[in-house]
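Chains, contacts and geometry: an overview
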Amino acid sequence: MKTYRSLAEIQKAIASGNITCKQLVEQYLQVINEKSHLNVFLEVFAEEAIAKADVVDEKIRAGRQGRLAGMVISLKDVLCYKGHRLQAGSRILEGFVSQFTGTAVQRLLDEDAIVIGRTNCDEFAMGSSSENSAYGPVVNAAGEKRVPGGSSGGSAVSVQSDMCLLSLGTDTGGSVRQPASFCGIVGYKPTYSRISRYGLLAYASSFDTIGTFAHTIEDTALTLEIMAGHDDYDSTVSHEPVLPYSTLLSNNKKYKIAYLKEPLASPEISAPVKGAVEDAITWLKKDGHTVEPVEFNYLDYVLPTYYILTTAEASSNLSRYDGVKYGYRSKSHVNLETMYKKSRSEAFGKEVQRRILLGTFVLSASYYDAFYTKALKARKLIQQATRDILKEYDFIILPTSPTVAFKLGEHTKNPLEMYLADLFTVQASVAGVPAISIPYGEDNEGMPIGLQLIADAFQEEKLLAFSRHILNARNKG
């Protein structure tokens, strides 16, 4: 069984007659079945994917195929796909079937991508380990007693373990980049508003971003190019022009790069991760780039700012799940009030309940100004400080995560320990700028380490091209 790691490789194999789309889908389905113990998929669309593959094969024979013919993808269980169940890893949406397909998903389907299934994730995208799902934890294929990161852990492992070529996840505070780091693949979060959020179940609306998991920058760039752009269904989406990102990857310029001193001095960072970042700094200098340390005085405020604002938004967004209109309804209620209370308390998991309660607290009349208003001001300061660095430098580099993938159950009893897994990813989310995690070595136990790069808003083409340059240079070396 040949393993394909890029769309170009797949399309070349199809053109030469070595494989068909149907055979490719069947190969992925075989891997999914063999590795079911990783608990990656909540639902596999086997018959449907094979039928769609037959259609794409016919299009290829007729020369009418889309740009993504041969690309098999998975969807995080927070993305709407018409006629398919949608649960957000939660019991609260038991039995719910999506009534429409989200814009990002539809644009990929229009170019003949094939969806093979929906992936497991932390409930309502709240978590850093994919252990908060109502349907059990996802397991990292690189170390089967390790977490894959979260909240998009199922999506990350589906690509890592060759169950599909590419997966759509969501990144609110690092939920694409951190799992990508833990699983040794490419995880990309575009600029906030670059991709329409229509069809994405909301966690925190001013942070949520659809991102991708892939093996290559080329596939990352192509899918971004197809998904991005204006959408009449989303009033928050950007009207900035969409560039042909996939054709702008051959960029060998010498850049001015900043690295933040504070993460490398943080007590949370492990020795292997710190060593990888220091190695990257040394390599970049040898490659001819200007790499300089800068101070970022708000690192201690980024995480609390993020959690205050996102839990506040979650408190509001998740109020729609009440047992009345759809999904789970408690059978033990005696009146309307107890139906609301019991449905939500029985069907929401502990972490979701914790964040709803925290968000409700910071939005309450007594504490609104003390917490929520201050967090909004802090967000402005963090955004401005980040943009100020990016006015002088082309990129910021820093670790994706303080550590490699930790063991299953290691932090589940202490939420604050779990939240620290997002320590280095939330800055880009608070600032709304694009960021990527690329594989950058392993620790002495073979666990992947990710390097994070941040660029200014809507500088996707520059960020992707530079990331490709680093990966290609390291692979050649």
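First, a word on scope: everything that follows refers to the structure included in this document. (Residues numbered from 1 in each chain as written. Predicted model: local features only at pLDDT ≥ 70, side-chain atom pairs only at ≥ 80, totals over all residues. Heavy atoms only, no water.)

A short note on the pairing of strand β10 (residues 435-442)
Both strand β5 (residues 186-189) and β10 contribute to a ladder of three bridges, which runs antiparallel. Each bridged residue has a counterpart across the sheet, and for Gly187 the counterpart in β10 is Ser437. Relative to strand β11 (residues 448-454), β10 is paired through six bridges, and the arrangement is antiparallel. Each residue of the ladder has a partner; that of Ala435, found in β11, is Ile454. (Pairing = 2+ DSSP bridges. Helix = DSSP H or I, 4+ residues; strand = E, 2+ residues; numbered from the N terminus.)

Comments concerning the nonpolar core
Ranked by internal contacts, the top residues of the largest apolar core, which has 155 residues, are Ile116, Phe124, Ile436, Leu453 and Leu464. Considering every element that reaches this core, the biggest residue donor is helix α10 (residues 299-317), with nine residues. In this structure, Leu464 is in contact with Tyr188, Ile217, Thr220, Ala221, Leu224, Tyr245, Leu249 and Ile436, ignoring residues within four places of it in sequence. (Core = buried A, V, L, I, M, F, W, Y, C linked by side-chain atoms within 4.5 Å. Buried < 20%, exposed > 50% of the residue type's maximum accessible area, 1.4 Å probe, protein only. Contact = heavy atoms within 4.5 Å.)

Side note on the packing of aromatic side chains
One pass over the structure, following the stated rule, counts 19 aromatic pairs. Relative to Tyr298, the ring of Phe296 has its centre 6.0 Å away and its plane inclined at 75°; by these criteria the two rings are edge-to-face. The exposure class assigned to Tyr298 is partly exposed, which follows from its relative accessible area of 26%. By way of ring pairs, the aromatic residues Phe96, Phe124, Tyr321, Tyr326 and Phe348 are connected into one cluster. For Lys2, the ring lying beneath its charged end belongs to Tyr4, and the centroid distance is 5.4 Å. The ring of Tyr393 has Lys256 sitting right over it, with the charged end atom 4.9 Å from the ring centre. (Phe/Tyr/Trp six-rings, centres within 6.5 Å; stacked < 30°, edge-to-face > 60°. Lys NZ or Arg CZ within 6 Å of the ring centre and 35° of its normal.)

With respect to the pattern of salt bridges
Scanning the entire structure with this criterion turns up 22 salt bridges. The residue Arg61 makes a salt bridge to Glu58 at a minimum N-O spacing of 3.0 Å. Linking Arg61 with Glu58, this pair stays in helix α3 (residues 46-62), spanning three residues, or about one helical turn. Owing to a relative accessible area of 60%, Arg61 belongs among the exposed residues under this scheme. Connected via shared salt-bridge partners are Glu43, Asp77, Arg85 and Arg118. (Salt bridge = Lys/Arg side-chain N within 4 Å of Asp/Glu carboxyl O.)

Things to note about a nonpolar patch on the surface
A cluster of nonpolar residues, Leu358, Phe361, Tyr367 and Phe371, forms a patch on the protein surface that exposes about 330 Å² of accessible area. Inspection of the secondary structure assignment puts Phe361 in helix α12 (residues 350-363). Using a relative accessible area of 36% as the deciding quantity, one classes Phe361 as partly exposed. (Patch = residues over 30% accessible without salt bridge, like charges linked within 9 Å, V, L, I, M, F, W, Y side chains within 5 Å. Areas by Shrake-Rupley, 256 points an atom, 1.4 Å probe, with all protein chains shown as cover.)

Focus: the packing of helix α9 (residues 271-286) against helix α16 (residues 460-476)
Between two packed helices, the angle of one axis relative to the other and the distance separating the axes together describe the packing. α16 packs onto α9 with a crossing angle of 95° between their chain directions and a minimal axis gap of 12 Å. With respect to α16, the element α9 is oriented roughly perpendicular. Touching Asp279, Trp283 and Leu284 of α9 are Phe466, His469, Ile470, Ala473 and Arg474, all from α16. The residue makeup of the contact of α9 with α16, split by class, is five nonpolar, one polar and two charged. (Axes fitted to C-alpha atoms, helices over the stretch in contact; angles between N-to-C directions. Parallel < 35°, antiparallel > 145°, perpendicular 65-115°, else oblique. Nonpolar A, V, L, I, M, F, W, Y, C, P; charged D, E, K, R; others polar.)

Describing α3
Over its 17 residues, α3 extends 25 Å from the first C-alpha to the last, a length consistent with the 24 Å expected when each residue adds 1.5 Å. Among the residues making up α3, those that are buried are Ala49, Ala53, Val56 and Asp57. Buried residues of α3 fall within an arc of 105° about the axis and therefore sit on the same side. In this structure, α3 carries Glu47 and Arg61 as exposed residues pointing more than 90 degrees from its buried face. Buried positions along α3 lie against α2 (21-34) and β3 (114-119). One or two steps after α3, the chain reaches Gly63, where phi turns positive at roughly 75°. (Expected span 1.5 Å × (residues − 1). Arc of directions from axis to C-beta.)

A short note on the environment of Gln27
One can find Gln27 in helix α2. Relative accessible area serves as the criterion here: at 14%, Gln27 is assigned to the buried category. Here Gln27 is in contact with Met1, Lys2, Tyr4 and Ile19, once residues within four sequence places are set aside. Only 2.5 Å separates the side chain of Gln27 from the backbone oxygen of Lys2, close enough to count as a polar contact. (Polar contact = N/O pair within 3.5 Å; in protein donor to acceptor, adjacent residues only side chain to side chain.)

What to know about the packing of α10 against α12
With their axes 7 Å apart at the nearest point, α10 and α12 run at an angle of 100° to one another. The angle between the axes of α10 and α12 places the two elements in the roughly perpendicular class. On the side of α10, the interface is formed by Tyr307, Ile308, Thr311, Ala312 and Ser315, while α12 contributes Arg355, Ile356, Leu358, Gly359, Thr360, Val362 and Leu363. A breakdown of the residues in the contact of α10 with α12 according to their chemical character gives seven nonpolar, four polar and one charged.

Some points on α10
For α10, which comprises 19 residues, the first-to-last C-alpha distance of 27 Å matches the rise-based estimate of 27 Å (1.5 Å per residue) to within 8%. For α10, the buried fraction is high: 15 of the 19 residues fall into the buried class.

With respect to unusual backbone geometry
In terms of backbone geometry, most residues other than glycine have negative phi values and most peptide bonds are trans. Between Gly150 and the following residue, Ser151, the backbone shows a cis peptide bond with an omega angle of 5°. One non-glycine residue, Ala125, adopts positive backbone phi at about 65°. Inspection of the secondary structure puts Ala125 in the loop between β3 and α5 (153-160). Although it is not a glycine, Ser193 adopts a positive phi angle of roughly 85°. Within the secondary structure layout, Ser193 lies in the loop between β5 and β6 (209-214). Look at Ser193 and you get buried, because its relative accessible area is 13%.

Topic: the sheet that holds β6
Read from one edge of the open sheet, 11 strands run β1-β3-β2-β4-β6-β5-β10-β11-β9-β7-β8, paired in mixed fashion. What marks the edges here is a single partner per strand, and that holds for β1 (41-44) and β8 (290-294). Looking at each pair of strands side by side, their axes are set apart by 30° on average, direction ignored. Relative to β3, strand β2 (residues 72-76) runs parallel, the two sharing five bridges. The residue of β3 that forms the bridge with Leu75 is Arg118. Of the strands in this sheet, β1, β2, β3, β4 (166-171) and β6 touch α5, which is tilted by about 155° from β4.

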